[in-house]
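# Survey of secondary and tertiary structure
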Amino acid sequence: MTERADSDASSPIAPVPAKPKVLRGLALAWLLIVALLLSHNAYLWLVQRVSPDTDILALLPSSRHDDVMQQAFAHMVDSAQQKVVVLVGERDWDKAMQAASAYEAVIGKQPSLLQPMAGDAAQLQGAWLSTFNQSRLMLLTQEQRDKLHKDSPQQWSQLALSAMYGAFGGPKLGAWQDDPFGLFSGWVQARAQETPVRPRDGRLFVESGGRSYVLLLLNLQQSAFSISAQEHVIPLLDRATQAAKQSAPDVEIITAGVILHAAAGSRQASSEMTTIGAGSLIGIVLLMWLTFRSLKPIALIALSIAIGCLGALSVSWLLFGRLHLLTLVFGASLVGIAQDYAIYFLCARLGTDRHMDSRQLLRRLLPGLGLMLLAAVIGYLGMALTPFPGLRQMAVFSVLGLLFAWLTVILWFPALIHADSLRSTGLADRYSHSIGKWPQFRFNRIGVVLLAVFAVFVVAGLMRLKVSDDIRALQKTPQHLIDDQIKLGKLLDTPTPAQFYLVRGDSAEIVLQREEQLKRHLQTAIDKKLISGVQAISNWVPSRQQQQADHDLVADKLLAPQGALAAIATAIDENEQWQQDLRQRLLAQSKPLLPDAFIASPAGQPWRHLWLGKTGGQSATQYASIVAVRGLSDYRQLQVLADVAPGISGVQWVDKVADISSVLSYYRQYMTWALLAAYATIFMLLSLRYRRAAWRAIAPPLLATLATLALFGVIGQPLQLFHVLACLLLLGLGVDYGIFLQEPTKRHRRFAWLTVGLSAISALLSFGLLALSSSPPLHAFGLTMLIGMALVWLTSPCFAGSKPPTYDTN
């Protein structure tokens, strides 16, 4: 069944003569801009071959007040970002080494992707010890200090004589004359306790559960977030694993690294982007075909969407310098919104007298189209005002896409669509006529009862609604990667990069002294086995004050004329000259060790992430370091560790998880107020045009938002920031439907209802697919939009009003 437009004489708005030359000039100018957009996109994707950013941290806000704290966190993250850690475990040590060699053989074929971070363990040990050789007399453990204070020179001389004859002297590092009292050897052993990793047969290894694990440290040569690197490195690691298992079938391979998580996220996002984009496109094409049974409307809608996407991609890239993959995923939903302007124009053309020129029709539609764009921009404005770089990018991308699609409709559609261009189908006619059967809301007895029931439901639901701002609820990583990460963390006793102490001072010396004070306070937590220990630069480089105190203690207790050295000489019948020579030899090992020298040495390489040094630029005088916590046994006791920091000057507890969660909480509340402000602003905007009928346009999204939140309360879905952001977009879209239906005649309202139906179904297809996303933020966003948009669609006709509204045509 087809239908031509009937008379439009009932419209109270008289057609205003258009200016064809001006419109034609603007259309040609737009053609030039579109050509530039097309060229720029071709240059970006085909010549520069740019790739989207996949770093999830780029979506999060930087620290609101503290640049040094943000620098410290980045320091911890960057130190782990380019590493790939592999443990090759077997019950038989020889087979473990054999499998590790097979693994390395595969990795070694691609040095441009991955390179071993450590060479021969024996050579590393030699280079490591040389860093401390000149400072042996300055380095003591706390146990050694206590023992020096407590034990007599005779006891120390007996210890040295035992070491000389070797039976009970314990392990030695170098000649006896270099360390007769075993102080340096003891200090080195204490340092070795900070990690379970030990050298064996030229390799590094750990043991656990009867298995010996060969440790392989690999350095990634490209960014872990480069999609190109992920596409090559992940298959390379898989091939290496297969080679190791072929060499030793029972071998266990544990792999951890940021690139593994980034690659999993990229695969998930790419798959969802394809699904959402394709689903939206197929759904819209099918919908338009069933409505118009013609390819021309479909092509025109696709044209407006395509130009919107081209413009959003091009300008966003110029503004931000890069685009996040999740922005593109979110941008896929743009298809569901950008089509509204084209659909509105097409349906209006279908319902307008054929004698009215399309340019005149545009003049009549411009106020409504302008309101639609403005309402959508206000909806996205809340996202753009957040400090979340990812959300700002998504909001700007979406607004640009809508603006370019809107301009395409305004500047091109009047020239491309004529009265004879469109014919409605029987299905479209039946649907458009259905608005006449829709119940109308009135303030009579039934209306008041319905309103009261709805109010009870909303109040009950909102009272049960809980909130969740935990950042961990927004991340979903494949379980096998989490299992490997946890197991590797336990085997290597590695600290978490998310919780640590930040130590600051006016000089490196003050920072080291404060670290030492902090470690003394943490000894209680270590004794109670809340933590197994700490990683700190002062473990390796004590403060100058402490080094000098240790030197004086050794010189006084062991090297003085009546000290232990004299007792040794007497016991082995050596003369005064022997004592003098040995004393001078030991005192020559008194060069103070400085943090910068240690950091630059091979021994300092694993601990460089702990030392921030001078912070804040060349003019700054502040120094900072990180004290990391090892072996935290119970995360519920984090407050115990946090309570230590306030008692020490210059020490701050950093819990990035809690910090980001508090930021999410802050901005959830902030955006809730922004949502209320947006409702008030849009209501005032609508009142300028629709006067006392403005509430009819804003009631559908308001009631849908309240009902959706109440439903979340009933089903136990905790409220988070992304639900609130979806409510903002729900307002931007939902108010469009109210604007569509505030038409002056029943005939126009019928085709406005067709516009609402096409737009709502398309939006449901787009955002419904987002609700199926594995990404928790996108799922929360999509679920809110799915329920909310369905409610807006179904309730909009109820508030259309039985009489044409009176509005200001100025």
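Report follows, based on the coordinates. None of the values given here were measured: they were computed from a predicted structure. (Residues numbered from 1 in each chain as written. Predicted model: local features only at pLDDT ≥ 70, side-chain atom pairs only at ≥ 80, totals over all residues. Heavy atoms only, no water.)

### A word on the overall build of the protein chain
- A tally of regular secondary structure across the protein chain gives 29 helices and eleven strands.
- In the protein chain, which comprises 810 residues, the share counted as buried stands at 54%.
- For the protein chain, restricting intrachain contacts to residue pairs at least 6 apart in sequence, the fraction spanning at least 24 positions comes to 82%. (Helix = DSSP H or I, 4+ residues; strand = E, 2+ residues; numbered from the N terminus. Buried < 20%, exposed > 50% of the residue type's maximum accessible area, 1.4 Å probe, protein only. Contact = heavy atoms within 4.5 Å.)

### Here we look at the packing of aromatic side chains
- Counted according to the given criterion, the structure contains 19 aromatic pairs.
- Ring centres 5.7 Å apart and planes at 35° place the aromatic pair Trp30 and Phe404 in the tilted group. Highlighted residues: Trp30 in helix 1 (residues 20-47) and Phe404 in helix 14 (residues 389-416), separated in sequence by 374 residues. For the pair Trp30 and Phe404, a shared accessibility class is recorded, and that class is buried.
- An aromatic cluster is defined as three or more aromatic residues linked by ring pairs; in this entry it consists of Phe132, Phe184, Trp187, Trp540, Phe598 and Trp607.
- Positioned above the aromatic ring of Trp156 is the side chain of Lys147, whose terminal nitrogen or guanidinium carbon lies 5.9 Å from the ring centre. (Phe/Tyr/Trp six-rings, centres within 6.5 Å; stacked < 30°, edge-to-face > 60°. Lys NZ or Arg CZ within 6 Å of the ring centre and 35° of its normal.)

### Re the pairing of strand 7 (residues 499-505)
- Counting buried positions along strand 7 gives seven out of seven residues, so the element sits mostly inside the fold.
- Going residue by residue along strand 7, you find Gln499, Tyr501, Val503 and Gly505 tucked away on one face and Phe500, Leu502 and Arg504 tucked away on the opposite face as well.
- Judged from the five bridges that link them, strand 7 and strand 11 (residues 651-655) form a sheet pairing that is antiparallel. Across the sheet, residue Leu502 finds its bridge partner in strand 11, namely Gln652.
- For strand 7 and strand 10 (residues 622-630), the ladder comprises six bridges, and the chain directions are antiparallel. In the sheet register, Val503 faces strand 10, and the bridge partner there is Ser625. (Pairing = 2+ DSSP bridges.)

### Section: helix 27 (residues 721-741)
- Across its 21 residues, helix 27 extends 31 Å between first and last C-alpha, which sits within 8% of the 30 Å expected from 1.5 Å per residue.
- Most of helix 27 is tucked away: 21 of the 21 residues are buried. (Expected span 1.5 Å × (residues − 1).)

### Considerations on helix 10 (residues 295-320)
- The end-to-end C-alpha separation of helix 10 is 37 Å, in line with the 38 Å expected for 26 residues at 1.5 Å each.
- Immediately downstream of helix 10, the backbone of Gly321 shows phi near 80°, a positive value.

### Considering the nonpolar core
- Ranked by internal contacts, the top residues of the largest apolar core, which has 126 residues, are Met288, Tyr341, Leu369, Leu686, Phe767 and Met785.
- Broken down by element, this core gets its largest block of residues, 16 residues, from helix 27.
- Those residues in contact with Leu369, other than ones at most four positions away along the chain, are Tyr341, Tyr344, Leu362, Trp406 and Ile410.
- Judged by nonpolar contacts, the second largest core, of 51 residues, contains Trp128, Phe500, Val511 and Ile537. (Core = buried A, V, L, I, M, F, W, Y, C linked by side-chain atoms within 4.5 Å.)

### Remarks on the environment of Leu38
- Examined against the element boundaries, Leu38 turns out to sit in helix 1.
- Owing to a relative accessible area of 51%, Leu38 belongs among the exposed residues under this scheme.
- Taking C-alpha positions, Leu38 is 8.7 Å from Ser314, a pair spaced 276 residues apart along the chain.

### Some details on the packing of helix 16 (residues 445-464) against helix 26 (residues 694-715)
- At a minimum axis separation of 7 Å, helix 16 and helix 26 run at an interaxial angle of 50°. In this view, helix 16 runs oblique relative to helix 26, as classed from their interaxial angle. Here helix 16 and helix 26 pass one another in a crossing that is left-handed. Note on element contacts: helix 26 touches helix 16 through Leu703, Leu706, Ala707, Leu709, Ala710, Leu711, Gly713 and Val714, opposite Phe454, Phe457, Val458, Gly461, Leu462 and Arg464. (Axes fitted to C-alpha atoms, helices over the stretch in contact; angles between N-to-C directions. Parallel < 35°, antiparallel > 145°, perpendicular 65-115°, else oblique. Left-handed = near helix turned anticlockwise from the far one by under 90°.)

### What about the packing of helix 5 (residues 142-150) against helix 20 (residues 544-557)?
- One can describe the packing of helix 5 onto helix 20 by two numbers: an axis separation of 10 Å at closest approach and a directional angle of 35°. Judged by the twist between their axes, the crossing of helix 5 over helix 20 is left-handed. Contact residues: Arg145, Leu148 and His149 in helix 5; Gln546, Asp550, Leu553, Val554 and Lys557 in helix 20.
- Looking at the contact of helix 5 with helix 20, its residues break down into three nonpolar, two polar and three charged. (Nonpolar A, V, L, I, M, F, W, Y, C, P; charged D, E, K, R; others polar.)

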